[in-house]
Amino acid sequence: GTDGTYDYIVVGGGTSGLVVAKRLSEDPKVSVLVVEAGGSLENNANVTNPLGYGLAFGTDIDYAYQTVEQEFAGGKPQTLRAGKGLGGTSTINGLAYTRAESNQIDMWEKLGNEGWNWNNLLPYYTKSERLEVPNPQRLESGKMTFDAAVHGKEGPLKTGWLFGITNSTLGATLNTTFASMGVEWNPEVNGGKMAGYTVYPSTVDQDLNIREDAARAYYFPIRDSAKNLKVMLNTEARRLTWKAAAAANGTKGALPTADGVEVTTQDGKTMVMKANKEVILSAGALVSPLLLEKSGVGNKAILAAAGIQSVVDLPTVGENLQDQANNGLKFGIANNFTETDKNAYVAYPTAEQVFGKDKQVASVNGNVTKAADLEKFFTMQYDLIFGADQPNPIAEVLLYQQDGVWDSEYWGLLPFSRGNLHVTAANTSTTKATGAKINPNFFMLDWDTTQQVGAANFIRRMYGTAPFKDVVGPEDTPSTKTVPADADNNEKAMGDWLKQNYRSNFHPVGTAAMMPREVGGVVDSSLKVYGTANVRVVDASVLPFQVCGHLVSTLYAVSERASDLIKASAK
Ligand code: FAD
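If you're wondering where the values come from, they're calculated on a predicted model, not measured in any experiment.

Peer 1: What's the story with the overall build of the protein chain in this structure? I'm lost.
Peer 2: A count of helical and extended segments in the protein chain gives 15 helices and 25 strands. Referenced to the eigenvectors of the C-alpha coordinate spread, the extents of the protein chain come out at roughly 70 × 55 × 45 Å. Taken over 571 residues, the protein chain has a buried fraction of 63%. Within the protein chain, contacts between residues separated by at least 24 positions form 75% of all contacts whose residues are at least 6 apart in sequence.

Peer 1: Sorry if this is basic, but what is going on with helix 14 (residues 487-501) here?
Peer 2: With 15 residues, helix 14 ought to run about 21 Å at 1.5 Å a step, and its terminal C-alpha atoms sit 21 Å apart, in line with that. Every buried residue of helix 14 is accounted for by N490, A493, M494, G495, W497, L498 and K499. Looking at the buried residues of helix 14, the elements they touch are strand 16 (325-333), strand 20 (405-412), helix 13 (446-463) and strand 23 (472-477).

Peer 1: How should I be thinking about the pattern of salt bridges in this particular structure?
Peer 2: Between side chains of opposite charge, pairing is possible as soon as their charged atoms come close. With the rule as written, the count across this model stands at 18 salt bridges. In this structure, the salt-bridge partner of E409 is R503, at a minimum N-O distance of 3.0 Å. With E409 in strand 20 and R503 in strand 24 (residues 503-504), this pair connects stretches of sequence that are 94 residues apart. By relative accessible area, E409 is classed as buried at 15%.

Peer 1: Whenever I open this one, the site of the ligand confuses me. Can you help?
Peer 2: Taken together, 40 residues lie around the ligand, and T15, S16, E36, Y63 and T89 are the ones closest in. G94 is positioned with one of its backbone polar atoms (N or O) 3.0 Å from a nitrogen atom of the ligand. Bound to the protein, the ligand loses 97% of the 1000 Å² it would expose on its own. For the shell around the ligand, the elements supplying multiple residues, two or more each, are helix 1 (15-24), strand 11 (236-242) and helix 15 (551-570). Here the shell around the ligand takes three residues from helix 15, the largest share from any one element. Across the shell around the ligand, the residue classes tally to 16 nonpolar, 19 polar and five charged.

Peer 1: For this particular structure, what's the right way to read unusual backbone geometry?
Peer 2: Peptide bonds are trans in most cases, and residues, glycine excluded, mostly fall at negative phi. Cis geometry marks the peptide bond from A466 to P467; its omega dihedral reads 0 degrees. For P467, the position within the fold is in the loop between helix 13 and strand 23. Cis peptide bonds are those with omega within 30 degrees of zero, and the linkage from T477 to P478 qualifies with 5 degrees. Of note, P478 is situated in the loop between strand 23 and helix 14. One non-glycine residue, N320, adopts positive backbone phi at about 70 degrees. Within the secondary structure, N320 sits in the loop between strand 15 (312-313) and strand 16. Notably, N441 is not glycine yet its phi reads approximately 55 degrees, a positive angle. Tracing the sequence through the fold places N441 in the loop between strand 22 (436-439) and helix 13. Exposure remark for N441: the relative accessible area of 12% places this residue in the buried category.

Peer 1: Where do I start with the nonpolar core in this structure?
Peer 2: As a rule of thumb, soluble globular proteins bury nonpolar side chains together. If you look at the biggest cluster of nonpolar residues, it comprises 97 residues, and the most contacted ones within it are I9, W108, L121, Y125, L281, L292 and L527. Per element, the largest residue contribution to this core is eight residues, and it comes from helix 15. Discounting chain neighbours no more than four positions away, the residues touching L292 are L281, V297, V317, V522, V529, V535 and V537. Grouped together as the second largest cluster of nonpolar side chains are 70 residues, L131, W411, A456 and W497 included.

Peer 1: Which parts of the structure should I look at to understand the side chain of E101?
Peer 2: Among the structural elements, E101 can be located in the loop between strand 4 (79-80) and helix 3 (102-110). Buried E101, no salt bridge; nearest opposite-charge side chain is K193, N-O distance 5.9 Å. At 3.3 Å, the side chain of E101 and the backbone nitrogen of A195 are in polar contact.

Peer 1: Any chance you could explain the packing of helix 13 against helix 14 here in plain terms?
Peer 2: Two numbers describe a pair of packed helices, the interaxial angle and the distance between the axes. Contact pair helix 13 / helix 14: the axes reach a minimum separation of 9 Å and the direction vectors enclose 105 degrees. By the angle between their axes, helix 13 is roughly perpendicular relative to helix 14. In contact with T449, Q452, V453, A456, N457 and R460 of helix 13, helix 14 contributes N490, E491, M494, G495, L498 and K499. Class assignment for the residues of the contact of helix 13 with helix 14 results in four nonpolar, five polar and three charged.

Peer 1: Which parts of the structure should I look at to understand the packing of aromatic side chains?
Peer 2: Given two aromatic rings, one states the distance between the centres and the angle between the planes to describe the pair. In the structure shown here, the tally under the stated rule is 21 aromatic pairs. Their ring planes at 15 degrees and their centres at 6.4 Å tell us that F178 and F458 sit as a pair that is stacked. Here F458 lies in helix 13 and F178 lies in helix 6 (residues 170-180), a separation of 280 residues in the sequence. Accessibility expressed as a relative area gives 3% for F178, which makes it buried. Overall, the relative accessible area of 0% leaves F458 in the buried class. Taken together, F178, W185, Y197 and F458 form an aromatic cluster joined through their ring pairs. Its end group placed over the ring of F163, R138 keeps NZ or CZ at 3.9 Å from the ring centre. Here the basic side chain of K143 rests over the ring of W185, its NZ or CZ set 4.2 Å away from the ring centre.

Peer 1: I'm lost on the confidence of the model for the protein chain in this one. Help?
Peer 2: Reading fine detail from the predicted coordinates is not recommended where pLDDT is low. Averaged over every residue, the pLDDT of the protein chain is 92; residues scoring 70 or more account for 93%. In the model, residues 360-370 has pLDDT below 50 throughout and makes 14 contacts with residues more than four positions away in sequence or in other chains.

Peer 1: It is not clear to me how the packing of helix 1 against helix 15 should be interpreted in this structure. Could you clarify?
Peer 2: Interhelical geometry of helix 1 versus helix 15 gives an angle of 35 degrees and a closest axis separation of 9 Å. Note that helix 1 runs across helix 15; the crossing there is right-handed. Only V552, L555, Y556, S559, E560, S563, I566 and K567 of helix 15 make contact with helix 1, whose side of the interface consists of T15, S16, V19, V20, R23 and L24. Here the contact of helix 1 with helix 15 is built from residues that sort into seven nonpolar, four polar and three charged.

Peer 1: What exactly am I supposed to notice about the environment of D62 here?
Peer 2: When you line up the elements, D62 lands in the loop between helix 2 (45-48) and strand 3 (65-66). D62 gets classed as buried once you look at its relative accessible area, which sits at 8%. The sequence separation of D62 and L413 amounts to 351 residues, and the corresponding C-alpha distance is 24 Å. Within polar-contact distance, the side chain of D62 engages the backbone nitrogen of G58 at 2.9 Å. Separated by 2.6 Å, the side chains of D62 and R81 make a polar contact.

Peer 1: So what exactly am I meant to see when it comes to the environment of D313 here?
Peer 2: As for its placement among the helices and strands, D313 is situated in strand 15. Residue classification places D313 among the partly exposed positions, given a relative accessible area of 37%. C-alpha of D313 to C-alpha of G531: the two residues are 218 residues apart in sequence and 8.2 Å apart in space. Dropping the residues within four chain positions of it, D313 is found in contact with G298, N299, K300 and R517. A polar contact is formed between the side chain of D313 and the backbone nitrogen of K300, at a distance of 3.1 Å.

Cut-offs used in this document
- Every chain begins its residue count from 1, and numbering advances along the sequence as written.
- The predicted origin of the model limits local features to residues at a pLDDT of at least 70 and limits the giving and counting of side-chain atom pairs to 80 or more, whereas totals for whole chains, interfaces and linings rest on all residues.
- Side-chain measures were taken over the full set of non-hydrogen atoms in the model, leaving aside hydrogen atoms and water.
- Helical segments are the DSSP runs of H or I of at least four residues, strand segments are the runs of E of at least two, and each set is numbered from the N terminus.
- Per-residue accessibility, obtained with a 1.4 Å probe over protein chains only, is compared with the maximum for each type, and a residue is labelled buried under 20%, exposed over 50%, and partly exposed between these values.
- Whether two residues touch is decided by their heavy atoms; if any such pair falls within 4.5 Å, the residues are in contact.
- Take the residue count of a helix, subtract one, and multiply by 1.5 Å to get its expected span.
- For salt bridges, the criterion is a side-chain nitrogen of Lys or Arg within 4 Å of an Asp or Glu carboxyl oxygen.
- Residues are counted as near a molecule or strand when any one of their heavy atoms sits within 4 Å of it.
- For the purposes of these results, a polar contact is taken to be a pair of N or O atoms within 3.5 Å, where, inside protein, one atom must be able to donate a hydrogen and its partner to accept one; residues adjacent in sequence count only when each atom of the pair is a side-chain atom.
- Areas reported as accessible are Shrake-Rupley estimates using a 1.4 Å probe. Residue values count occlusion only from the protein chains shown.
- Note on residue classes: Ala, Val, Leu, Ile, Met, Phe, Trp, Tyr, Cys and Pro are nonpolar, Asp, Glu, Lys and Arg are charged, and everything else, Gly too, is polar.
- What is meant by a nonpolar core is a set of buried Ala, Val, Leu, Ile, Met, Phe, Trp, Tyr and Cys residues, joined one to another through side-chain atoms within 4.5 Å.
- When charges are counted, Lys and Arg are positive and Asp and Glu negative, with His and the chain ends excluded.
- Axis definition: a line fit to C-alpha positions, over the contact stretch in the case of helices; interaxial angles, taken between N-to-C directions, run 0 to 180 degrees.
- For classification purposes, an angle smaller than 35 degrees is called roughly parallel, one larger than 145 roughly antiparallel, one from 65 to 115 roughly perpendicular, and anything else oblique.
- When the centres of two rings from Phe, Tyr and Trp lie within 6.5 Å, Trp using its six-membered ring, the rings pair. Their planes under 30 degrees apart give stacked, over 60 give edge-to-face, and anything left gives tilted.
- Remark: a charge is flagged as sitting over a ring if the NZ atom of Lys or the CZ atom of Arg is within 6 Å of the ring centre and within 35 degrees of the ring normal.
- The quantity known as pLDDT measures the predictor's confidence residue by residue, on a range of 0 to 100.
- Definitions for this section: a left-handed crossing has its near helix turned counterclockwise from the far helix by less than a right angle. A right-handed crossing has that turn clockwise.

Given below as structure tokens:
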């Protein structure tokens, strides 16, 4: 690999890319190059501090991509955060380690992705993980429980519980409160059933008390020993290069074959790194589809408008973008309450718990698109929410004290809105906030507002439920003045307020979705891009649907499985 030629080039040394790089380089005969736009964040205190959530926002390691004005949500653009540096977004995220509902992963297979189901993915969740069990005293005082059978003991990624969970009564108080609202204690949120109330684990190295990001888990331990793995930092991938025959587009029989990646180094030099076997795009859900487009893979008309020559006409590249909307409700703290637990109390209520048993929930309004495939996806997602067997939670509700108030950040977990993102010109930098036109279409469909309003009112009820209500002062934000509680006025006022005050939940997925090509997929079940011989995508782009858990646990598992698929196909 010293001459600039490698077997595999991984574009993006982030959460997913570093898993693939480590696993592929386990074969000493194989050479691997990682091209990463950012630098090393090993000693960046905004990254390492496990209680430093938010410190990195707006700094030079946050891409802070801007969306277009959100026409269904008050007209304002949104900021989409993503981490720039080795470790990617795992270096700036909230450390939560929660997986998915098992039937959500099973749905991937029902969509046509053979082999992608919960039972096959669980061994990869555990392969990636090393749960560090706290001592019994900490477990007991923090009311932290787990089932060892679904956790890994020897994987690269350390998980555990943050030290902010101290010797307090708050956990027990919330447990009783949620139980009286029908939201029962869930002793293991990572075993495929998420609904309930729990105290979730985090990606943290408890001994060192620092953030466990992808670089710390998957790269730093092997950087000296893995001589066949090279990482180019501060180097931006611009586009893929193709074997000459493919560029002509239409050579009978042979699919276009990528033979390298054009990069711009820190000092502004442009060069091509060569790949013998495969190029794996792991630049994240907001970038990998753009790199495909800049390389000629995408919607012909969009490419033509941007001055890019078509190599594979694949109109769904960059479509199917799904994010969640995040809102916060704040309440005063009754002045006799001084405990300062942080960061791990979470409730996952179902639709029935949010809306009540008797209330008929308005069915989803599919007026934006009539496409039969989209209707099929909506039906599948509807079944996840309202199905009797295993109803998925529809909201994640956090609770902590901050700046002298109780803060309940929350988000609707399963929105139906779909957006997209596309390049605007052949030469723009995809690492710049202006490099693309990004449109998540927040609140495009009625259900998304219904879900968000329902969760807000659920939170209001929680603050009014004993025993928790005894340590709660008056509502601070939005306040019942701004959003009345009475049924006649609540729904509209709450919906309007939420749309004025939401932010992205920073969970974009789906922009190079793993689905059959006929129903709009971009990659097949081996994560190979349709119409290409040797280009794969391995990152949040490939998740066909949103999951109820936070994303990294599932991305580590998907990347572990993808690595095995890539290895197997090389044999
Ligand atoms: P990334 O990890 O973003 O990796 C992409 C990499 O590609 C980056 O290193 C980037 O620098 C690089 N790159 C981009 N463009 C180029 C280019 N042109 N050339 C070369 N390299 C490039 N998830 C959780 O599980 N728990 C949480 O608590 C949580 N909280 C979050 C909080 C915030 C603020 C954010 C933003 C996200 C959060 N998430 C959380 C989501 C989760 O962190 C991400 O979904 C996940 O890390 C994405 O992984 P990825 O591999 O898809 O992309």
